[in-house]
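Overview (structure and organization)
Listed below, chain by chain, are the residues.
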Amino acid sequence: MCIRDRSDSDHQLIISLAFNQPVKIHHLVIRSVDPKSAPKTIQIYVNRVGMDFNDCENEQPTQVIELKDTDYKGQTDLRYVKFQHVKSLTVFVSDNTGGDCTIINQLTFYGLSLQDTDMKLSLIHISEPTRQAEISYAVFCLKKKKKK
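Computed from a predicted model, the values in this text were never measured in an experiment.

Side note on the pairing of strand β6 (residues 86–96)
- Among the 11 residues that make up β6, eight are buried, leaving the element largely enclosed by the rest of the structure.
- Bridging between strand β2 (residues 13–31) and β6 involves seven bridges; their strand directions are antiparallel. Counted as the bridge partner of L17 is L89 from β6.
- Bridge count between strand β3 (residues 39–46) and β6: seven bridges; the pairing is antiparallel. Looking across to β6, one finds that T41 is bridged to D95.

Notes on the side chain of S32
- Within the secondary structure layout, S32 lies in the loop between β2 and β3.
- For S32, a relative accessible area of 14% gives the class buried.
- Polar side-chain contacts of S32 include one of 2.6 Å to the backbone oxygen of I103.

Section: the nonpolar core
- Core analysis: the largest hydrophobic core is formed by 24 residues, its most contacted members being I25, L28, I44, L89 and F109.
- Counting residues per element, the ones that place at least two in this core are β2, β3, β6 and β8 (106–113).
- By residue number, the principal contributor to this core is β2, which donates eight residues.
- When sequence neighbours within four positions are dropped, the list of residues in contact with L28 reads I42, I44, I65, Q75, T76, L78, L107, T108 and F109.
- Ranked by size, the runner-up nonpolar core spans six residues in total, among them Y45, M51, F53 and F92.

Criteria and cut-off values
- Sequence positions are assigned chain by chain, starting from 1 and proceeding in written order.
- In keeping with the predicted nature of the model, local features appear solely for residues at pLDDT of at least 70, side-chain atom pairs appear and are counted solely at 80 or more, and the whole-chain, interface and lining totals rest on all residues.
- Side-chain measures here rest on the full set of heavy atoms in the structure, leaving out hydrogens and waters.
- A 1.4 Å probe rolled over the protein chains alone gives each residue an accessible area, and that area as a share of the maximum for its type sets the label: buried under 20%, exposed over 50%, partly exposed in between.
- Only runs of H or I of at least four residues qualify as helices and only runs of E of at least two qualify as strands under DSSP, and these elements are numbered from the N terminus.
- A pair of strands is treated as paired once DSSP finds two or more bridges between them.
- As used in this structure description, the phrase polar contact means that two N or O atoms lie within 3.5 Å; if the pair is within protein, one of them must be able to donate a hydrogen and the other to accept it, and residues adjacent in sequence are counted only when both atoms belong to side chains.
- Take the buried residues of types Ala, Val, Leu, Ile, Met, Phe, Trp, Tyr and Cys, join any two whose side-chain atoms come within 4.5 Å, and each joined set is a nonpolar core.
- A contact between two residues is defined here by any heavy atoms of the two lying within 4.5 Å.

Set out below in structure tokens:
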């Protein structure tokens, strides 16, 4: 899976996720194979549905993450107390590291359902800044971890 902003206007992306049941999220994994086009700053909003670019630029996010080189090789911890009853997430990529476009090769959130089932949660929706309507892509993954 690769998310690429091909717009002429800027490098911003909105990634909206909705979950079938409330979850607790503790960290994310983000990968970009091109260091020049990797996201630099992401803002995460919890349980705010239907956000547009104006909302993302003007509302207070649940967490702002300034990504470093180490974030693309490991995991990025979230403020767990702020991600306890998550029904939806909006991830706003406000800028990148300087390339012509923003490229995300992997974006995965890890956490637990409120019923204590380990889950791997992944991207389900992308909005591009140059589009008038939201565009949905078939990139959905929800996997339960096997209990030992």
